[in-house]
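So you can see what is in the structure, the chains are spelled out below.
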Amino acid sequence: MSNQQPEEPPYGHCVVANVAGQTTHGRGGLDLQRGLKHFAPGAKLWIAPPRWDLGGGQVVVAGRHRANSRRYVTLVTDMRHLENFRSQEVFSPALLRALTRQGPGEPRGLWTAERAEEFATHHNVPRLEVRLDGHYTAALATVPEPPPMELEHDGRTYYLAHLNANSARYSSLPPPEEPACR
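Structure report, in brief.

Each value, and the rule that gives it
Residues numbered from 1 in each chain as written. Predicted model: local features only at pLDDT ≥ 70, side-chain atom pairs only at ≥ 80, totals over all residues. Heavy atoms only, no water. Phe/Tyr/Trp six-rings, centres within 6.5 Å; stacked < 30°, edge-to-face > 60°. Lys NZ or Arg CZ within 6 Å of the ring centre and 35° of its normal. Buried < 20%, exposed > 50% of the residue type's maximum accessible area, 1.4 Å probe, protein only. Helix = DSSP H or I, 4+ residues; strand = E, 2+ residues; numbered from the N terminus. Pairing = 2+ DSSP bridges. Axes fitted to C-alpha atoms, helices over the stretch in contact; angles between N-to-C directions. Contact = heavy atoms within 4.5 Å. Core = buried A, V, L, I, M, F, W, Y, C linked by side-chain atoms within 4.5 Å. Polar contact = N/O pair within 3.5 Å; in protein donor to acceptor, adjacent residues only side chain to side chain. Arc of directions from axis to C-beta.

1. Structural notes on the packing of aromatic side chains
On inspection of all chains with the given rule, the structure shows two aromatic pairs. Aromatic side chains W111 and F119 sit 5.0 Å apart centroid to centroid with 55° between the ring planes, which places their arrangement in the tilted category. A cation over an aromatic ring shows up here: R64 above the ring of Y72, its NZ or CZ 4.2 Å from the ring centre.

Structure follows, in structure tokens:
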């Protein structure tokens, strides 16, 4: 049997990503792990189109489990643990079942080619979650990595106050003046 694409037309398009080699966990992202609990580093994960916002940058993914590489499992994971987003066609009936498995509400469909490509392009830019004066702001959910030192939002200037592996926090208070050297 050759490695050529099947004769059947694809079922549709999907966003695909790989599990990052090192993932950050715990307070401040200081706990480093290889891959994820259920997926090995570099594992190919198929991202189901969102039916609603899971919040906190989480997505439903289907992939082959670390312990059993024969079956697809469907789990929710953080986007920050994924890299190398791209759009691919779905040919496997088993993968289609895993991606469209019914849960609460209506069955999930697949991505349109245009929407999958747009999603992949947007998420290939490294991003950090942003908070302004301690509050999550939906209009500014993320900033590029490395984050800018100053940020303008709603006519106000915010200054980078704290940065860790997962997020950037900004304050409306300017940074303190450094004393002059004698």
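2. Quick look at unusual backbone geometry
Positioned with a positive phi, N84 is a non-glycine residue whose angle comes to about 55°. Exposure remark for N84: the relative accessible area of 44% places this residue in the partly exposed category. Non-glycine residue D154 carries a positive phi angle of around 50°. Mapping D154 onto the fold places it in the loop between β11 (150-153) and β12 (156-163).

3. Thoughts on the sheet that holds strand β4 (residues 44-47)
With antiparallel pairing, the five strands of this open sheet are ordered in space as β6-β5-β4-β1-β7. Each end of this open sheet is capped by a strand with a single partner; those strands are β6 (72-78) and β7 (82-90). Strand-to-strand twist of the sheet, defined as the mean angle between neighbouring strand axes without regard to direction, takes the value 35°. The pairing of strand β1 (residues 12-19) with β4 spans four bridges and is antiparallel. Paired with V16 across the bridge in β4 is W46. Along the sheet, helix α1 (residues 93-100) makes contact with β1, β4, β5 (58-64), β6 and β7, crossing β6 at roughly 45°.

4. Considering the nonpolar core
Counting 28 residues, the largest nonpolar core has I47, L82, F85 and L99 as the members making the most contacts within it. When contributions to this core are tallied by element, the ones reaching two or more residues are β1, β4, β5, β7, α1 and α2 (113-123). A total of five residues in this core trace back to one element, the largest contributor, which is β1. V130, V143, Y158 and A168 belong to the second largest nonpolar core, which has eight residues in total.

5. Describing the side chain of T23
By the secondary structure assignment, T23 is in strand β2 (residues 22-25). Here G35 takes part through its backbone oxygen, which lies 2.6 Å from a polar atom of the side chain of T23. Each residue touching T23, except ones within four places of it in the same chain, is listed here: D31, L32, Q33, G35, L36 and H81.

6. Comments concerning the environment of E83
Inspection of the secondary structure puts E83 in strand β7. In the structure, E83 is positioned 65 residues away from N18 in sequence and 5.4 Å away in space, judged by C-alpha atoms. Excluding residues within four positions of it along the chain, E83 makes contact with A17, N18, V19, A20 and G21.

7. What to know about α2
Buried within α2 we find A116, F119 and A120. The arc enclosing the buried residues of α2, seen along the axis, measures out at 95°, which places them on a common side. Away from the buried face of α2 by more than 90 degrees, exposed residues E114 and E118 are located. Along its buried surface, α2 packs onto β1, β4 and β7.

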